[in-house]
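Survey of secondary and tertiary structure
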Amino acid sequence: MTLGSGGSSVVGLGLVDIELWLCMCRRLGDVECLSFYAVPRNFRLLEELERGEKGIGDGTVSYGMDDGDDIYMRSWTGTIIGPHNTVHEGRIYQLKLFCDKDYPEKPPSVRFHSRINMTCVNHETGVVEPKKFVLLSNWQREYTMEDILTQLKKEMTTPHNRKLVQPPEGTYF
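Please read all numbers here as calculations on a predicted model, not as lab measurements.

We now examine the sheet that holds strand β4 (residues 75-81). With antiparallel pairing, the four strands of this open sheet are ordered in space as β3-β4-β5-β6. A strand with exactly one partner marks an edge of an open sheet, and here the two such strands are β3 (61-65) and β6 (109-112). Between one strand axis and the next, the sheet turns by 20 degrees as a mean value, whatever way the strands run. Each of β3 and β4 touches helix α3 (residues 41-54); the most contacted strand, β3, lies at about 130 degrees to it.

Encoded structure:
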């Protein structure tokens, strides 16, 4: 089997070589090159871990692993600082994300640990309900935990969420 338009063979390549090849494909924007190879789950999660540790954008969204010894990289913690000009402004929301063995083919389960009142969040459990949160209901393999957290932050600014009465700060599900 050959990978990409250059005809590079997978046979005999080590994991580092494949990672470098994928990185080159991404930088060149070679969609054909990338379409031949789906990044294995653990490589994908390592990429996400590295990105999460570096910080995202303006620093109001972050994430990382719950347990560095979890070789399956299943349990993650996310943080969202509430957006300006909303009832969420300045609040720090903690979330739990769980990446099952099918991630990234299927989305992680997402649950707010901090109490929050949003239309896509179950008010008793804190679970982000996939049917009410477009990113989860229309999940694509290319989406990441970062995408989930930034979209939840964006969802806080929508007219139906930006002014909802919130539970007291420091309360948890």
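Moving on to the packing of aromatic side chains. Throughout the structure, instances matching the rule amount to four aromatic pairs. Each ring, one from Trp139 and one from Tyr143, has its centre 5.6 Å from the other, and the planes form 80 degrees; the classification is edge-to-face. Put simply, the rings of Tyr103, Trp139 and Tyr143 pair up and form one aromatic cluster.

The next subject is the environment of Glu105. For Glu105, the position within the fold is in the loop between β5 (92-98) and β6. It is 9.5 Å that separates the C-alpha atoms of Glu105 and Tyr143, two residues lying 38 residues apart in sequence. Once residues lying within four places of it in the same chain are set aside, the contact partners of Glu105 are Trp139 and Arg141. In this structure the side chain of Glu105 is engaged in a polar contact, spanning 2.4 Å, whose partner is the side chain of Arg141.

About the criteria used
Residues numbered from 1 in each chain as written. Predicted model: local features only at pLDDT ≥ 70, side-chain atom pairs only at ≥ 80, totals over all residues. Heavy atoms only, no water. Pairing = 2+ DSSP bridges. Helix = DSSP H or I, 4+ residues; strand = E, 2+ residues; numbered from the N terminus. Axes fitted to C-alpha atoms, helices over the stretch in contact; angles between N-to-C directions. Contact = heavy atoms within 4.5 Å. Phe/Tyr/Trp six-rings, centres within 6.5 Å; stacked < 30°, edge-to-face > 60°. Polar contact = N/O pair within 3.5 Å; in protein donor to acceptor, adjacent residues only side chain to side chain.

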